Amino acid sequence: MKKAFIVSFLCLSFAPAVAASIPWWERPTVCKLDPTKCYTSMGIGYDTEQWDADSGCWGMKIICPDALTAGGDDPVAMGLRDIERGTGIKSDFDTNVLNGDCFGMRKTMDNGAMVMYGDEYVRVWCDAGILDGDVEYTEFGAYTSPENQPTCSELADMGLVATLNGKCYGKYYDTAKYHIQCDGNDILPSRLVLLNGADYTTSSNAPADKNAANKLFDAMESKSAEQRNIYFD
(Lines give C-alpha, C1' and ligand atoms only; values in the text may rest on other atoms or scores of the structure.)
Protein backbone atom coordinates (compact mmCIF):
# COMPACT_ATOMS: atom_id res chain seq x y z
CA MET A 1 0.00 0.00 0.00
CA LYS A 2 2.88 2.38 0.79
CA LYS A 3 4.41 1.95 -2.72
CA ALA A 4 1.08 2.55 -4.40
CA PHE A 5 0.58 5.71 -2.39
CA ILE A 6 4.04 7.04 -3.31
CA VAL A 7 3.48 6.45 -7.03
CA SER A 8 0.11 8.17 -6.88
CA PHE A 9 1.64 11.09 -5.02
CA LEU A 10 4.41 11.48 -7.60
CA CYS A 11 1.87 11.46 -10.40
CA LEU A 12 -0.13 14.14 -8.70
CA SER A 13 2.97 16.18 -8.01
CA PHE A 14 4.37 16.20 -11.54
CA ALA A 15 1.14 16.11 -13.57
CA PRO A 16 0.50 19.89 -13.48
CA ALA A 17 4.00 20.68 -14.74
CA VAL A 18 3.74 18.19 -17.62
CA ALA A 19 0.21 19.24 -18.51
CA ALA A 20 1.26 22.84 -18.90
CA SER A 21 3.47 22.06 -21.90
CA ILE A 22 1.52 19.23 -23.64
CA PRO A 23 -1.83 19.75 -25.43
CA TRP A 24 -4.68 17.85 -23.79
CA TRP A 25 -5.20 15.54 -26.76
CA GLU A 26 -1.59 14.35 -26.56
CA ARG A 27 -1.53 13.72 -22.83
CA PRO A 28 -1.03 10.06 -21.82
CA THR A 29 -4.17 10.12 -19.69
CA VAL A 30 -6.41 10.65 -22.75
CA CYS A 31 -8.00 7.39 -24.01
CA LYS A 32 -7.03 6.70 -27.61
CA LEU A 33 -7.99 4.07 -30.16
CA ASP A 34 -5.40 1.39 -30.84
CA PRO A 35 -4.31 1.92 -34.47
CA THR A 36 -2.45 -1.40 -34.71
CA LYS A 37 -5.63 -3.15 -35.93
CA CYS A 38 -6.35 -0.56 -38.61
CA TYR A 39 -5.50 -1.04 -42.26
CA THR A 40 -2.31 0.89 -43.02
CA SER A 41 -3.46 1.66 -46.54
CA MET A 42 -6.66 1.17 -48.49
CA GLY A 43 -7.51 1.17 -52.16
CA ILE A 44 -9.29 -1.31 -54.42
CA GLY A 45 -11.17 -3.88 -52.36
CA TYR A 46 -11.91 -1.63 -49.37
CA ASP A 47 -14.91 0.43 -48.31
CA THR A 48 -13.29 3.46 -46.73
CA GLU A 49 -16.57 5.07 -45.65
CA GLN A 50 -17.67 2.33 -43.23
CA TRP A 51 -16.74 2.26 -39.55
CA ASP A 52 -15.47 -1.08 -38.26
CA ALA A 53 -16.59 -1.13 -34.64
CA ASP A 54 -14.66 -4.33 -33.90
CA SER A 55 -11.29 -2.82 -34.79
CA GLY A 56 -12.20 0.78 -33.92
CA CYS A 57 -11.10 1.98 -37.34
CA TRP A 58 -12.51 3.39 -40.52
CA GLY A 59 -12.49 1.01 -43.45
CA MET A 60 -13.83 -2.48 -44.09
CA LYS A 61 -12.59 -5.18 -46.42
CA ILE A 62 -14.88 -6.13 -49.32
CA ILE A 63 -15.19 -9.92 -49.69
CA CYS A 64 -16.15 -11.49 -53.03
CA PRO A 65 -19.49 -13.37 -53.13
CA ASP A 66 -17.85 -16.64 -54.24
CA ALA A 67 -15.86 -16.65 -50.99
CA LEU A 68 -18.95 -16.26 -48.80
CA THR A 69 -20.88 -19.21 -47.38
CA ALA A 70 -24.09 -17.26 -47.94
CA GLY A 71 -23.29 -16.94 -51.65
CA GLY A 72 -25.17 -14.28 -53.57
CA ASP A 73 -24.21 -12.01 -56.44
CA ASP A 74 -22.81 -9.02 -54.57
CA PRO A 75 -19.62 -8.60 -52.52
CA VAL A 76 -19.97 -7.79 -48.82
CA ALA A 77 -17.94 -5.40 -46.65
CA MET A 78 -16.81 -7.26 -43.52
CA GLY A 79 -15.17 -6.30 -40.25
CA LEU A 80 -11.65 -7.34 -39.37
CA ARG A 81 -12.69 -9.62 -36.50
CA ASP A 82 -15.11 -11.64 -38.65
CA ILE A 83 -12.49 -11.99 -41.37
CA GLU A 84 -9.84 -13.18 -38.90
CA ARG A 85 -12.27 -15.73 -37.47
CA GLY A 86 -13.45 -16.82 -40.91
CA THR A 87 -17.06 -16.07 -40.02
CA GLY A 88 -19.22 -16.61 -43.09
CA ILE A 89 -16.17 -17.27 -45.30
CA LYS A 90 -15.51 -20.54 -47.16
CA SER A 91 -12.36 -22.26 -45.97
CA ASP A 92 -11.34 -22.87 -49.62
CA PHE A 93 -10.74 -19.15 -50.14
CA ASP A 94 -7.86 -16.85 -49.21
CA THR A 95 -9.24 -13.41 -48.29
CA ASN A 96 -5.76 -11.87 -48.42
CA VAL A 97 -5.72 -12.15 -52.22
CA LEU A 98 -7.38 -9.45 -54.30
CA ASN A 99 -9.75 -10.89 -56.91
CA GLY A 100 -10.72 -8.01 -59.17
CA ASP A 101 -12.32 -5.35 -56.99
CA CYS A 102 -12.88 -7.56 -53.93
CA PHE A 103 -10.92 -10.04 -51.80
CA GLY A 104 -11.26 -13.82 -51.93
CA MET A 105 -9.46 -16.20 -54.27
CA ARG A 106 -9.42 -19.98 -54.10
CA LYS A 107 -6.34 -21.33 -52.35
CA THR A 108 -3.80 -22.83 -54.76
CA MET A 109 -0.67 -24.97 -54.76
CA ASP A 110 1.97 -26.01 -57.30
CA ASN A 111 2.09 -22.49 -58.76
CA GLY A 112 -1.64 -22.51 -59.47
CA ALA A 113 -1.81 -25.95 -61.11
CA MET A 114 -4.10 -27.15 -58.32
CA VAL A 115 -6.89 -25.33 -56.47
CA MET A 116 -8.76 -26.13 -53.28
CA TYR A 117 -12.34 -27.26 -53.76
CA GLY A 118 -14.33 -28.55 -50.79
CA ASP A 119 -11.22 -28.69 -48.56
CA GLU A 120 -9.50 -30.85 -51.19
CA TYR A 121 -7.02 -29.87 -53.88
CA VAL A 122 -8.07 -30.68 -57.46
CA ARG A 123 -6.24 -30.39 -60.77
CA VAL A 124 -6.58 -27.40 -63.07
CA TRP A 125 -7.10 -28.84 -66.57
CA CYS A 126 -5.71 -27.16 -69.69
CA ASP A 127 -8.75 -28.16 -71.74
CA ALA A 128 -12.13 -27.38 -70.17
CA GLY A 129 -13.82 -29.73 -72.66
CA ILE A 130 -12.78 -32.84 -70.72
CA LEU A 131 -14.75 -31.83 -67.61
CA ASP A 132 -18.33 -32.66 -66.66
CA GLY A 133 -20.54 -30.79 -64.22
CA ASP A 134 -20.07 -27.20 -63.11
CA VAL A 135 -16.80 -25.80 -64.42
CA GLU A 136 -14.87 -22.88 -62.94
CA TYR A 137 -11.83 -21.13 -64.38
CA THR A 138 -8.45 -19.73 -63.40
CA GLU A 139 -5.90 -17.96 -65.54
CA PHE A 140 -4.31 -21.34 -66.33
CA GLY A 141 -7.34 -23.50 -67.12
CA ALA A 142 -10.52 -25.03 -65.74
CA TYR A 143 -11.43 -27.11 -62.72
CA THR A 144 -14.42 -28.82 -61.18
CA SER A 145 -15.42 -30.59 -57.96
CA PRO A 146 -13.53 -33.70 -56.77
CA GLU A 147 -16.43 -36.02 -57.61
CA ASN A 148 -16.50 -34.82 -61.24
CA GLN A 149 -12.86 -35.48 -62.07
CA PRO A 150 -12.20 -37.41 -65.32
CA THR A 151 -11.02 -41.03 -65.16
CA CYS A 152 -7.83 -42.38 -66.67
CA SER A 153 -9.83 -44.19 -69.37
CA GLU A 154 -11.81 -41.08 -70.30
CA LEU A 155 -8.58 -39.14 -70.67
CA ALA A 156 -6.92 -41.95 -72.64
CA ASP A 157 -9.78 -41.93 -75.17
CA MET A 158 -8.79 -38.31 -75.89
CA GLY A 159 -5.07 -39.11 -75.93
CA LEU A 160 -4.53 -37.32 -72.63
CA VAL A 161 -2.63 -38.21 -69.47
CA ALA A 162 -3.19 -36.51 -66.10
CA THR A 163 0.32 -35.03 -65.89
CA LEU A 164 1.47 -31.44 -65.84
CA ASN A 165 1.43 -29.59 -69.15
CA GLY A 166 2.99 -26.26 -68.21
CA LYS A 167 0.84 -24.80 -65.41
CA CYS A 168 -2.17 -27.07 -65.92
CA TYR A 169 -2.89 -30.78 -66.34
CA GLY A 170 -3.62 -32.85 -69.43
CA LYS A 171 -0.63 -33.83 -71.57
CA TYR A 172 -1.44 -35.09 -75.07
CA TYR A 173 0.01 -38.30 -76.57
CA ASP A 174 -0.72 -39.30 -80.15
CA THR A 175 -2.67 -42.57 -79.88
CA ALA A 176 -1.15 -43.68 -83.20
CA LYS A 177 2.26 -43.63 -81.50
CA TYR A 178 1.43 -44.43 -77.88
CA HIS A 179 -0.83 -46.80 -76.00
CA ILE A 180 -2.13 -45.42 -72.70
CA GLN A 181 -2.91 -48.35 -70.40
CA CYS A 182 -5.25 -47.70 -67.45
CA ASP A 183 -5.67 -50.16 -64.57
CA GLY A 184 -7.79 -49.79 -61.45
CA ASN A 185 -9.19 -46.49 -60.25
CA ASP A 186 -5.99 -44.45 -60.40
CA ILE A 187 -6.31 -41.35 -62.57
CA LEU A 188 -2.75 -41.91 -63.85
CA PRO A 189 -2.07 -44.69 -66.39
CA SER A 190 -0.24 -47.80 -65.24
CA ARG A 191 1.82 -47.85 -68.42
CA LEU A 192 2.60 -45.69 -71.43
CA VAL A 193 3.73 -47.87 -74.36
CA LEU A 194 5.67 -46.49 -77.33
CA LEU A 195 4.25 -48.45 -80.25
CA ASN A 196 6.94 -47.89 -82.92
CA GLY A 197 4.40 -48.82 -85.56
CA ALA A 198 3.17 -51.96 -83.77
CA ASP A 199 -0.48 -52.73 -83.12
CA TYR A 200 -0.59 -53.00 -79.36
CA THR A 201 -4.02 -54.63 -79.37
CA THR A 202 -2.54 -57.78 -80.99
CA SER A 203 0.23 -58.05 -78.41
CA SER A 204 -1.73 -59.99 -75.80
CA ASN A 205 1.40 -61.88 -74.68
CA ALA A 206 3.61 -58.84 -74.39
CA PRO A 207 6.13 -59.06 -71.52
CA ALA A 208 5.10 -57.17 -68.41
CA ASP A 209 8.59 -55.89 -67.52
CA LYS A 210 12.26 -55.99 -68.50
CA ASN A 211 12.94 -59.33 -66.80
CA ALA A 212 10.03 -60.96 -68.61
CA ALA A 213 11.24 -59.49 -71.90
CA ASN A 214 14.77 -60.87 -71.30
CA LYS A 215 13.36 -64.34 -70.60
CA LEU A 216 11.27 -64.16 -73.78
CA PHE A 217 14.26 -63.17 -75.90
CA ASP A 218 16.42 -65.90 -74.30
CA ALA A 219 13.77 -68.50 -75.16
CA MET A 220 13.51 -67.18 -78.73
CA GLU A 221 17.30 -67.30 -79.10
CA SER A 222 17.45 -70.85 -77.75
CA LYS A 223 14.68 -72.01 -80.08
CA SER A 224 16.40 -70.35 -83.04
CA ALA A 225 19.66 -72.12 -82.18
CA GLU A 226 17.88 -75.49 -82.09
CA GLN A 227 16.30 -74.88 -85.49
CA ARG A 228 19.62 -73.77 -86.95
CA ASN A 229 21.35 -76.95 -85.71
CA ILE A 230 18.65 -79.09 -87.34
CA TYR A 231 18.59 -77.49 -90.76
CA PHE A 232 22.07 -76.06 -91.25
CA ASP A 233 24.47 -78.62 -89.74
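Note: the structure precedes this text.
First things first, this report covers the structure right here in the doc.

Thresholds applied
Residues numbered from 1 in each chain as written. Predicted model: local features only at pLDDT ≥ 70, side-chain atom pairs only at ≥ 80, totals over all residues. Heavy atoms only, no water. Pairing = 2+ DSSP bridges. Helix = DSSP H or I, 4+ residues; strand = E, 2+ residues; numbered from the N terminus. Disulfide = S-S within 2.5 Å. Buried < 20%, exposed > 50% of the residue type's maximum accessible area, 1.4 Å probe, protein only.

Pairing is antiparallel in the open sheet, where three strands are placed in the order β6-β7-β8. The open sheet has two edge strands with one neighbour each: β6 (108-109) and β8 (121-123). Across two bridges, β6 lies against strand β7 (residues 114-116) in antiparallel orientation. Bridging from a neighbouring strand, Met 109 pairs with Met 114 of β7.

Once that is clear, we can look at the state of the cysteines. Per the counting criterion, the structure on display carries four disulfides. Here Cys 38 engages in a disulfide with Cys 57; their sulfurs sit 1.8 Å apart. Between Cys 38 and Cys 57, the disulfide has an S-S torsion of -75° and is therefore left-handed. Of this pair, Cys 38 sits in the loop between α1 (2-21) and β1 (46-52) while Cys 57 sits in strand β2 (residues 57-63), placing them 19 residues apart in sequence. Between the sulfur atoms of Cys 126 and its disulfide partner Cys 168 the distance amounts to 1.9 Å. Looking down the S-S bond of the Cys 126 and Cys 168 bridge, the torsion is 100°, so its handedness is right-handed. Of this pair, Cys 126 sits in the loop between β8 and β9 (136-137) while Cys 168 sits in the loop between β11 (160-164) and β12 (169-172), and the two are 42 residues apart along the sequence. Here Cys 126 falls in the partly exposed class, since its relative accessible area comes to 31%. Take Cys 168: its relative accessible area is 9%, and that puts it in the buried class.

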